[in-house]
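An overview of the molecular structure
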Amino acid sequence: MNVESMSAIYKGLSQVGAWGCFDEFNRIRIEVLSVVATQVTCVLNALKTNAETFDLMGDSLKLIPTVGMFITMNPGYAGRTELPENLKALFRPCAMVVPDTRLICENMLMSEGFRGARVLAYKFTTLYNLSKELLSQQRFYDWGLRATKAVLRVAGGLKRAAPPGTEEDIVLMRALRDFNLPKLVQ
């Protein structure tokens, strides 16, 4: 992302009154973020004064007051930038909690047609939690929600392709084996 592309996005959002959510906002380079603070300030000042038009980066724009800008960040990860204070002050923080992976797993299994979803979700999340805790910390090991969802989608496809009466735990174990065996090293 550069200054021009961010400006184009803010101009578009402001003129149609849309909401924009910028995921992992702190991955943007610091020199871009400092200009972004000025751009966001222009939009917010126009909203505060109930302006019908405003100036952004030399262009006079119509403002639809339903415009909204939201950001997500993962602080503390490699490659992430600390937001400048003037930009940080423009957004209201909201703390997030770690999702209940077992409940998500159970619901995904149910949506894939597994009748024993509760027991399978407990076994699945126990396996992934133990793997996360006991295996070495390698970059290619992924025991998070993204990997969980991918395995469960594969399991759903295997269940639909399996002959009627195939045990669900066998189907889930096959998906786990197919998905995770290539990750494991000796």
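As the structure is a prediction and not an experimental result, all values here were calculated from the model.

**Description of the overall build of the protein chain**
When its secondary structure is counted, the protein chain shows 7 helices and 4 strands. Starting at the N terminus and ending at the C terminus, the protein chain contains elements arranged as α-β-α-β-β-β-α-α-α-α-α. Each of the three principal axes of the protein chain carries a C-alpha extent, and together these read 65 × 35 × 25 Å. Looking at the protein chain as a whole, 34% of its 186 residues qualify as buried. For the protein chain, the exposed area adds up to about 12,100 Å²; of that, 57% sits on carbon and sulfur atoms. If you average the places of the 22 positive and of the 18 negative side-chain charges in the protein chain, the two averages end up 5 Å apart.

**Regarding the pattern of salt bridges**
Taken as a whole, this structure holds 10 salt bridges when the rule is applied. Between Glu 106 and Arg 118 there is a salt bridge; the shortest N-O distance is 3.2 Å. Here Arg 118 lies in helix H5 (residues 117-134) and Glu 106 lies in helix H4 (residues 101-111), a separation of 12 residues in the sequence. Given the relative accessible area of 59%, Arg 118 is considered exposed. Among the salt bridges present, the one from Arg 160 reaches Glu 112, with a minimum N-O distance of 2.5 Å. Taken together, the residues Arg 160 in helix H6 (residues 145-161) and Glu 112 in the loop between H4 and H5 connect sequence positions 48 residues apart. Exposure remark for Glu 112: the relative accessible area of 17% places this residue in the buried category. Residues participating in the shared-partner salt-bridge network are Glu 82, Glu 85 and Lys 88.

**Quick look at unusual backbone geometry**
A positive phi angle is found at Asn 50, which is not glycine, with a value near 55 degrees. Looking at the element boundaries, Asn 50 is found in the loop between helix H2 (30-48) and strand E2 (53-56). For Met 57, which is not a glycine, the phi torsion comes out positive at approximately 55 degrees. If you trace the backbone, Met 57 turns up in the loop between E2 and strand E3 (59-62). A relative accessible area of 46% means that Met 57 is categorised as partly exposed.

**Section: the environment of Arg 102**
If you trace the backbone, Arg 102 turns up in helix H4. Residue classification places Arg 102 among the partly exposed positions, given a relative accessible area of 29%. Arg 102 sits 19 residues away from Ala 121 along the chain, and the two C-alpha atoms are 5.7 Å apart. Residues contacting Arg 102, with those up to four places away along its chain left out, are Ala 121, Tyr 122 and Thr 125.

**Thoughts on the pairing of E2**
The side-chain alternation of E2 yields one buried face, formed by Phe 54 and Leu 56, and one unburied face, formed by Thr 53 and Asp 55. Judged from the 4 bridges that link them, E2 and E3 form a sheet pairing that is antiparallel. The residue of E3 that forms the bridge with Leu 56 is Asp 59. In this antiparallel pair of consecutive strands, E2 and E3, the connection spans 2 residues, and Met 57 shows a positive phi of 55 degrees.

What counts and what doesn't
Residues numbered from 1 in each chain as written. Predicted model: local features only at pLDDT ≥ 70, side-chain atom pairs only at ≥ 80, totals over all residues. Heavy atoms only, no water. Helix = DSSP H or I, 4+ residues; strand = E, 2+ residues; numbered from the N terminus. Buried < 20%, exposed > 50% of the residue type's maximum accessible area, 1.4 Å probe, protein only. Areas by Shrake-Rupley, 256 points an atom, 1.4 Å probe, with all protein chains shown as cover. Lys, Arg positive; Asp, Glu negative; His and termini not counted. Charge placed at Lys NZ, Arg CZ, Asp CG, Glu CD. Salt bridge = Lys/Arg side-chain N within 4 Å of Asp/Glu carboxyl O. Contact = heavy atoms within 4.5 Å. Pairing = 2+ DSSP bridges.

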